[in-house]
Amino acid sequence: MDGVRFTLNGAAVTVTDATPQTTLLDWLRQSAHLTGTKEGCAEGDCGACTVALLDTEAPGGPTWRAINSCLVLLPQLHGQSIVTVEGLSGRREPLHPAQQIMVDKLGSQCGYCTPGVVMSLFEATYRKDLGRPWQLDDQLSGNLCRCTGYRPIREAAEAVAGTAPADGFARALQADASALPALRWVHDGAEAHVPTDFDHLFEVLAKHPDARLVAGATDVGLDVTKKGARFACMVSLHALPLRGIVRTAEGGWRIGATTRLSDLELAVQDDLPALARMLRFFGSRQIKNRGTVGGNLCNASPIGDLAPVLLALDATLVLRSAAGERRVGIDDFFLAYRKTALGVGEILAAVEIPPVPADARLSAYKVSKRREMDISAVACGLLVRVGADGLITHARFGFGGMAATPARAAAAEAAVIGQPFSAGTFAAAADASRQDFNPLSDHRGSAWYRATVASNLLKGFFHEVHSEAAPALADRPSGTLLTPSPATPHAEAAR
Ligand SMILES: Cc1cc2nc3c(=O)[nH]c(=O)nc-3n(C[C@H](O)[C@H](O)[C@H](O)COP(=O)(O)OP(=O)(O)OC[C@H]3O[C@@H](n4cnc5c(N)ncnc54)[C@H](O)[C@@H]3O)c2cc1C
Ligand code: FES
Ligand code: FES
């Protein structure tokens, strides 16, 4: 069938007369004339363009998710349901609680950021999993406001979060998801496909070996909005059964490639705190609601934040093509700058993480200029196993930001194996790490800075894990600490 079909503010829409790489934001403002949704940056950083998507496959059941409309390409909407700020209340209706609370708390001045903030509060209103204080900071981490100051906005979030009024938006969460028809859409010489099964996917990839795969588009979207990319053929993976997290019988994990980063963040909170820490300081809520595990690995960015932790955890990547599945260790996945072991016509289907051994000490670090919403200068995942005799038997040190690809620090690992688990051993590893990498200087940090940070992280790792195998994650970065406020009812309920 031709044309993208989706639901917008409760009404069915079919779009045929736009190029497939049109962003939802451009379409809303220019074609649907819904100008409440604002453009600030067109690159996922400001949140002015935030709308809500009905996520019918969320792990805890259907839920509303705040997303950046500037990074959604029209084919990705096929079969989806979207609400914009205009859809929250009609002219003669009372404001939605997410709007009213912004009025009550004086959360708006010039108002440019306000529709986006309201849509982030809208997600929070229906969230059932907002039980920890840091989650409120995280909920707002993708919305910039130049004039109001964040305290009233955060107070608004705290008041409305989890209140879930029994309204039409709550009822939409109960509705049965209708089966999605596959899409083949051709407009102006460009093709877009939304396959719903693997036979269809591999057929398209056989015909269009250079088709651009799109998962969350938090990277691909930037190619469109910032580099003016035009794809002759685009394939959205959103309707394929590639999402979900399963615990294996051995105690490991299998994570589908299109699993959203926010799903993973919640799933690993208690059992894999090192990965949870990395995800806590990854982009923003909106980015994590769209960005996927597969997209973060397949973009092969040297500063992608999952790879260092997955290197430490010795993950295996499951690749799938028309010929079937094959498994590649993460050590062998990144071949060169932005180049992976994926062959033509092959996709990443899942990531498998083996169980973390009981004698493992594991942590992860991200060093960036800001804690929230920033790209790493250096990131690492560090794991050692310590035998009963106090000697280190095994080490995996994964680093990002130090080379053309995410990579292990072989010399630093060799420096600790067979050595006592002590500060002296990690000081030696810190020295050895300087042989491992020859980092670049760029606007995020000089080569000297990166090498120094990497070696200091190795020393700091010992101090963090020497008494606790899995150190607790601080609730909030110190820079955003607020005066403690009484626990909200929803927070109490979730405990
Ligand atoms: C504002 C902002 C902040 C960000 N912050 C961070 C951050 O803190 N840390 C970080 O690491 N990254 C960050 N990113 C980058 C990005 O969000 C992540 O890399 C994200 O995980 C990408 O996932 P995606 O599904 O959106 O990828 P997409 O953009 O859909 O795809 C990325 C690439 O992977 C390919 N691809 C996707 N899925 C598959 C698959 N299953 N098989 C084969 N190929 C596939 C696509 O063809 C494309 O080349 C940020 C981006 C933005 C815009
Ligand atoms: S316009 Fe800034 S995040 Fe989309
Ligand atoms: S109220 Fe002006 S930018 Fe937030």
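Residues numbered from 1 in each chain as written. Chains lettered and ligands numbered in written order. Predicted model: local features only at pLDDT ≥ 70, side-chain atom pairs only at ≥ 80, totals over all residues.

Peer 1: Just to check I follow, could you spell out the environment of V118 for this structure?
Peer 2: Mapping V118 onto the fold places it in helix α3 (residues 114-126). With 29 C-beta atoms packed within 10 Å, V118 lands in the buried category. Residues V118 and I101, spaced 17 residues apart in sequence, show a C-alpha to C-alpha distance of 9.1 Å. (Helix = DSSP H or I, 4+ residues; strand = E, 2+ residues; numbered from the N terminus. Buried ≥ 20, exposed ≤ 12 C-beta atoms within 10 Å, placed from the backbone.)

Peer 1: Where do I start with the pairing of strand β17 (residues 360-367) in this structure?
Peer 2: It is a general feature of regular strands that their side chains alternate between the two faces of the sheet. For β17, the tally of buried residues reaches seven of eight residues, placing the bulk of the element in the interior. Pairing geometry for β17 and strand β18 (residues 378-386), over eight bridges, is antiparallel. Pairing of R361 across the sheet is with V384, part of β18. (Pairing = 2+ DSSP bridges.)

Peer 1: Would you take a moment to explain the domain arrangement of the protein for this structure?
Peer 2: Size of an interface, as often reported, equals the accessible area lost when the parts are brought together. Segmenting the protein into domains produces domain 1 (1-175), domain 2 (245-353) and domain 3 (360-465). Computed over C-alpha atoms only, the centres of domain 1 and domain 2 are separated by 27 Å. The partner domain 2 presents 11 residues to the 17 residues of domain 1 that form the contact. Elements represented by at least two residues in the side of domain 1 that touches domain 2 include exactly β4 (63-68) and α4 (133-140). Among the elements that take part in the side of domain 1 that touches domain 2, β4 stands out by supplying four residues, more than any other. Residue composition of the side of domain 1 that touches domain 2, by class: six nonpolar, eight polar and three charged. (Domains from an automatic or database assignment. Contact = placed C-beta atoms within 7 Å. Nonpolar A, V, L, I, M, F, W, Y, C, P; charged D, E, K, R; others polar.)

Peer 1: Explain helix α15 (residues 423-436) to me, please; I cannot follow it from the model alone.
Peer 2: Given 3.6 residues per turn, any residue in an α-helix points the same way as the ones three and four places further on. Between its first and last C-alpha, α15 extends 20 Å over 14 residues, near the 20 Å set by a 1.5 Å rise per residue. Regarding α15, the residues found buried are T425, F426, A429, A430, A432, S433 and D436. Each element contacted by the buried residues of α15 is listed here: β19 (392-400), α14 (410-416) and α16 (447-465). (Expected span 1.5 Å × (residues − 1).)

Peer 1: Teacher, can you tell me more about the site of ligand 1 here?
Peer 2: In the neighbourhood of ligand 1, 33 residues make up the surrounding shell, with G44, G216, G283, G295 and N296 lying closest. Contributing elements (two or more residues each) for the shell around ligand 1: β8 (212-214), α8 (220-227), α11 (285-290), α12 (293-298) and β16 (347-353). Per-element tally for the shell around ligand 1: the top contributor is α12, with four residues. Taken together, the residues that form the shell around ligand 1 break down as 16 nonpolar, 11 polar and six charged. For the shell around ligand 1, the domains that each give at least three residues are domain 1 (1-175) and domain 2 (245-353). (Near = placed C-beta within 6 Å.)

Peer 1: Please explain the confidence of the model for the protein as it appears in this structure.
Peer 2: Close inspection of predicted coordinates is inappropriate for parts of the model with low pLDDT. Averaged over the protein, the pLDDT score is 93; the fraction of residues at 70 or greater is 95%. With pLDDT under 50 throughout, residues 477-495 is counted as low confidence; its partners more than four residues away or in other chains account for 15 contacts. (pLDDT = per-residue confidence, 0-100.)

Peer 1: Looking at this structure, I do not really get the packing of α4 against helix α5 (residues 150-160). What am I missing?
Peer 2: Axes are the key here: two packed helices are described by the angle between their axes and the distance separating the axes. Where α4 meets α5, the closest approach of the two axes is 10 Å, and the angle between their N-to-C directions is 120 degrees. Considering the angle they form, α4 stands oblique to α5. For the element pair α4 and α5, the recorded crossing hand is right-handed. Along the contact surface, α4 presents L136, Q139 and L140, while α5 presents I153, R154, A157 and E158. Grouping the amino acids of the contact of α4 with α5 by side-chain chemistry returns four nonpolar, one polar and two charged. (Axes fitted to C-alpha atoms, helices over the stretch in contact; angles between N-to-C directions. Parallel < 35°, antiparallel > 145°, perpendicular 65-115°, else oblique. Left-handed = near helix turned anticlockwise from the far one by under 90°.)

Peer 1: How should the sheet that holds β16 be read in this particular structure?
Peer 2: Strand order in this open sheet of five strands is β10-β11-β16-β12-β13, and the pairing throughout is antiparallel. Across the chains shown, the open sheet's two edge strands, defined by having one partner strand only, are β10 (245-247) and β13 (324-329). This sheet shows a mean twist of 20 degrees between the axes of neighbouring strands, independent of strand direction. Both strand β11 (residues 253-256) and β16 contribute to a ladder of four bridges, which runs antiparallel. Paired with G256 across the bridge in β16 is A350.

Peer 1: What exactly am I supposed to notice about helix α1 (residues 24-31) here?
Peer 2: Among the residues making up α1, those that are buried are L24, L25, W27 and L28. The inward-facing, buried residues of α1 contact β2 (11-15). Residue H33 follows α1 closely and has a positive phi angle near 55 degrees.

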